[in-house]
Amino acid sequence: MRIGMGYDVHRLEEGRKLILGGVEIPFEKGLLGHSDADVAVHAVMDALLGAAALRDIGTHFPDSDPQYKGISSITLLEHVGRLLEAHSYVISNIDVTIIAQKPKVAPYIEQMENNVAHALGLEKNQINIKATTEEGLGFTGSLQGISAHAVCLLEDRQVRTNRKEGETR
């Protein structure tokens, strides 16, 4: 088993859409970034890539590359899923925490979980997304930005298969 941890942060700015977990959330500001700046999905990708020892999202999707300008992070997540598959990794679970003073994201969490699960070919019960505030403290508390942390557990496909075969004997 391999554990990965991911973290991402983006500045809030007027004139941008706010995308979290692949969901457009109505808000007066959005996150600034080269892609859609989805901090939740970026943290998930970094956790997955880290667990597989495949570096980070900047290595695979550099912000200097025009092909990623404005791209959906869910599209990038699908690519990460294919990379894991090619390296014989199976995702056991993903847990995400979004840190945002505003807006309240609770009404959108189920759709975020569905989006991440669908992008990676997982069951919804393998994904958990939650949100918290920082009680007005720090850059998220003062509405300067939003951040996200993610952790994941990967298994080698062959090890998992062998273990399951041993359980049925």
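Conventions adopted
Residues numbered from 1 in each chain as written. Predicted model: local features only at pLDDT ≥ 70, side-chain atom pairs only at ≥ 80, totals over all residues. Heavy atoms only, no water. Axes fitted to C-alpha atoms, helices over the stretch in contact; angles between N-to-C directions. Helix = DSSP H or I, 4+ residues; strand = E, 2+ residues; numbered from the N terminus. Parallel < 35°, antiparallel > 145°, perpendicular 65-115°, else oblique. Left-handed = near helix turned anticlockwise from the far one by under 90°. Contact = heavy atoms within 4.5 Å. Nonpolar A, V, L, I, M, F, W, Y, C, P; charged D, E, K, R; others polar. Phe/Tyr/Trp six-rings, centres within 6.5 Å; stacked < 30°, edge-to-face > 60°. Buried < 20%, exposed > 50% of the residue type's maximum accessible area, 1.4 Å probe, protein only. Expected span 1.5 Å × (residues − 1). Core = buried A, V, L, I, M, F, W, Y, C linked by side-chain atoms within 4.5 Å.

S.K.: Looking at this structure, how should I read the packing of helix α1 (residues 39-51) against helix α3 (residues 73-86)?
M.R.: Two quantities define a packed helix pair, namely the angle between the helix axes and the distance between the axes. Packing of α1 against α3 brings their axes to within 10 Å, and their N-to-C directions diverge by 10°. Relative to α3, the element α1 lies roughly parallel. In the packing of α1 onto α3, the handedness of the crossing is left-handed. Of α3, the residues touching α1 (which contributes Val-41, His-42, Val-44, Met-45, Leu-48 and Leu-49) are Ser-73, Ile-74, Leu-76, Leu-77, Val-80, Leu-83 and Leu-84. Looking at the contact of α1 with α3 residue by residue, the classes come out as 11 nonpolar, 2 polar and no charged.

S.K.: Even after reading the chapter, I still don't get the packing of aromatic side chains, so can you show me in this structure?
M.R.: Both the distance between ring centres and the angle between the ring planes are used here to describe each pair of aromatic rings. Counted by the stated rule, this structure contains 1 aromatic pair. Considering the side-chain rings of Phe-61 and Tyr-68, the 5.4 Å spacing of their centres and the 80° angle between planes classify their relative orientation as edge-to-face. Note on accessibility: Phe-61 and Tyr-68 belong to one class, buried.

S.K.: Whenever I open this one, helix α4 (residues 109-120) confuses me. Can you help?
M.R.: It helps to recall that an α-helix has 3.6 residues per turn; residues three or four apart then point in one direction. The end-to-end C-alpha distance of α4, which contains 12 residues, comes to 17 Å, matching closely the 16 Å that a straight helix rising 1.5 Å per residue would cover. Along α4, the positions that sit buried rather than exposed are Ile-109, Met-112, Glu-113, Asn-115, Val-116, Ala-117, Ala-119 and Leu-120. On its buried face, α4 sits against β2 (18-20), β3 (23-25), α1, α3, β5 (89-99) and β6 (127-132). Downstream of α4 by a residue or two, Gly-121 has a phi angle that is positive, lying close to 65°.

S.K.: Please explain the environment of Val-39 as it appears in this structure.
M.R.: With respect to the secondary-structure elements, Val-39 resides in helix α1. Spatially, the C-alpha atoms of Val-39 and His-87 are 25 Å apart, while their sequence positions differ by 48 residues. Contact partners of Val-39, with chain neighbours within four places excluded, come to Asp-8, Val-9, His-10, Leu-20, Leu-31, Ile-146, Ser-147 and Ala-148.

S.K.: How should the nonpolar core be read in this particular structure?
M.R.: Within soluble globular proteins, side chains that are nonpolar tend to cluster in buried spots. In this structure, Leu-20, Leu-48, Leu-77 and Ile-94 are the most contacted members of the largest nonpolar core, which totals 50 residues. If one sorts the elements of this core by residue count, α1 sits on top with 10 residues. When residues no more than four places from it in sequence are discounted, the contact partners of Leu-20 are Ile-25, Leu-31, Asp-38, Val-39, Ile-98, Val-105, Met-112 and Ile-146.

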